[in-house]
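Listed below, chain by chain, are the residues.
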Amino acid sequence: MADGNGNNTSKTSPAGRLSQVANHIAPRKRRRASRTKDELPPDYSDILGQLDSLRTIASTPDTSNKGYVRQKQAGKLWVRERVLELLDPGSFHEVGSVSGTVEWKKLEGTREEPISYIPSNNVQGFGTLRGRKVVFTADDFSIRAGHADGALMEKTLYMEKLAIYLRLPIVKLVDGSSGGGSVTTIKTAGFSYIPPMPSFKMVTEQLNLGIPNLGAVLGPAIGLGAARVVACHFSVMAADVGALFNAGPKVVAGATFEEGLSFTDLGGSSMHCTNGTIDNLAANEQECFEQLRNILSYLPNSGSSLPPVFPSEDPPDRLCEELRTIIPRRKARMYDPRKIITTVVDNGSWFEIGALWGTTAIVGLARLGGRSVGIVSLNCEVNAGALDAAGSQKTTRHLKFCDIFNIPILQFVDVPGYAIGTIAERTATMRHGVALATTYFSTTTPVFSVVTRRVYGVAGGIMLDCRDPRMRVAWPSGEWGSLPLDGGIEVGHAAELNAIKDMGQREARYKELEEEYTRLMNPVRTANAFGVEEIIDPAMTRRIVAEWLKHVYEELLPMRLLDRANGKIHPIFY
């Protein structure tokens, strides 16, 4: 609006000036430019979508894949089926979930999408076994038979390091070479290489730190795969699908001319569960998983912790009256040594390790009053209980096992000595027996001994004299000495007996000597001389041992943890 002089009155009027001020305070809205093709969503949904796509591919079996079809035809679970069956429901958290080989398709601008994805052939991560957190690795034999790919080595190294840093048990499900090399790797890389072995430094550290290493053979464990599962504190093989060997049948045929071997012929359960390479046998994969859960329940997360304690409904002071008659009065008769073990320990708690090898010895884990305890026993039903080379090796391994995990040992002693004869000498019984002796005297976990019958020779001495002061009791069936009477009388009285020409008189004199020595070997006489600390009623065994174990857990093991932390003791498994 203009005045008579041509001036614009609207800008100079109060209303006009107010409008100008308002425009400065709230400038006019500008129209938003339309999104360009290169502009990315602010919520990163494009990246998250790619991750979801890759994870879906990895977790969905390709039923047309030859490797998957071969896996199923062999009667084996697929790798992710195994993981879900092993772990507690809902506890699986994968690490490296999208690692693998991806082919990308370029889209408009900077965008791209995956069009082909081969997951890394090892599934790894965290989970729980009966509420216990673990890290795990699981081979996928359906992809390159478990041979190494671009991501596998780094993933495995990372999980091995995590187990040490977090002090968590590690479970290894082996099916294939578990990251070992293949000839085709040379072609892919364009050069050959000196085989690296970076993971075994961590594995050795885990074993000696007492971080539980638990392995299962769920297919052909070859080369590095075989080494990984054998280098565990405990290993188990599925009888229906498991096998283990340094090299497969085709390589063996070219090297040793042993042709036509199957996986089972070369390294099946009948081979390796009976020679000590693998600890335990399971009927199938599901039983393997159950054994892994069971043994972990006895073990701490590391050697810097105490083994777990569980509530027990079995009274620790329960009398075991059946033990009064389990040892026959006739010395030539045998008895069931496992019956003694299962009667003394908590009901249903006995877990045997290595039942199919080194059968002159029986070892395993159990609970007394809910507390973990290692068990060592001799087996009078095999070779009369004489300790042979394999039995010595088995016992040596178990002593180190218990020492590394702070598990006290209860041993039932009935040993006539080391095995004798040409087979014993050929298998280096004394060398392995001395290795057992040094292990008894170099380990420090508490030991309680129950003498059930015979204690003779070097073998008996090392078992009962390995701790100072000794914690031991004997049953009234106990007998002991440097040599058993059978053979010992002939040696000690050889000159006298040989001088008697008449066979009848010689037999009569032998009978006199035998009766005299038998009378003098009354265990009460040994107790009179304090050669044995106490002879007990066998029915009281559980009560006495449970009281000892309770004291060990409450007083001695906490001190042992301090000694271990301060470097005063250094348990070694391997």
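Up top is the structure.
It should be emphasised that the depicted structure is a prediction, and the values quoted were computed from it without experimental measurement.

Cut-offs and rules
Residues numbered from 1 in each chain as written. Predicted model: local features only at pLDDT ≥ 70, side-chain atom pairs only at ≥ 80, totals over all residues. Heavy atoms only, no water. Helix = DSSP H or I, 4+ residues; strand = E, 2+ residues; numbered from the N terminus. Buried < 20%, exposed > 50% of the residue type's maximum accessible area, 1.4 Å probe, protein only. Polar contact = N/O pair within 3.5 Å; in protein donor to acceptor, adjacent residues only side chain to side chain. Contact = heavy atoms within 4.5 Å. Pairing = 2+ DSSP bridges. Phe/Tyr/Trp six-rings, centres within 6.5 Å; stacked < 30°, edge-to-face > 60°. Lys NZ or Arg CZ within 6 Å of the ring centre and 35° of its normal.

### Points about the side chain of K76
Along the chain, the position of K76 falls in the loop between α4 (66-73) and α5 (79-86). Take K76: its relative accessible area is 6%, and that puts it in the buried class. There is a polar contact of 3.0 Å between the side chain of K76 and the side chain of D175. In this view, K76 contacts Q71, R82, F141, D175, L218, G219, P220, V241 and E285; residues no more than four positions away in its chain are not counted.

### Overview of unusual backbone geometry
Only a minority of non-glycine residues have a phi that is not negative, and only a minority of peptide bonds are not trans. Here the amide bond leading from D468 into P469 is cis, since omega sits at 0 degrees, within 30 degrees of zero. Looking at the element boundaries, P469 is found in the loop between α18 (457-464) and β16 (472-474). Positive phi, normally seen in glycine, also occurs at Y44, with a value near 60 degrees. Relative to the assigned elements, Y44 resides in the loop between α2 (14-25) and α3 (45-59). Classification of Y44 as exposed rests on a relative accessible area of 57%. In the Ramachandran plot, F257 falls in the positive-phi region, its phi being about 65 degrees despite a non-glycine side chain. Residue placement: F257 occurs in the loop between α10 (249-256) and α11 (263-267).

### What to know about the pairing of strand β6 (residues 170-176)
Most of β6 sits inside the fold, with 7 of its 7 residues counted as buried. Bridge count between strand β5 (residues 132-139) and β6: 4 bridges; the pairing is parallel. Among the inter-strand pairings, A138 is bridged to a residue of β6, identified as L173. Across 6 bridges, β6 lies against strand β7 (residues 213-222) in parallel orientation. The residue bridging K172 from the neighbouring strand is G215, located in β7.

### A short note on the packing of aromatic side chains
Two numbers describe a pair of aromatic rings. These are the distance of the centres and the angle of the planes. In total, this model carries 8 aromatic pairs according to the counting rule given. Between F92 and F136 the ring centres are 5.6 Å apart and the planes differ by 55 degrees, which places this aromatic pair in the tilted class. Taken together, the residues F92 in the loop between α5 and β1 (93-94) and F136 in strand β5 connect sequence positions 44 residues apart. Given the relative accessible area of 24%, F92 is considered partly exposed. Ring centres of F401 and F405 lie 5.0 Å apart, and the angle between their planes is 65 degrees; this geometry places the pair in the edge-to-face category. The burial state of F401 is the same as that of F405; both residues are buried. Of the aromatic side chains, those joined through ring pairs into one cluster are F234, Y298 and F351. Directly above the aromatic system of F126 lies the positively charged group of K133, at a separation of 5.8 Å from the ring centroid. The ring of Y298 has R367 lying over it, and the distance from NZ or CZ to the ring centre is 4.1 Å.

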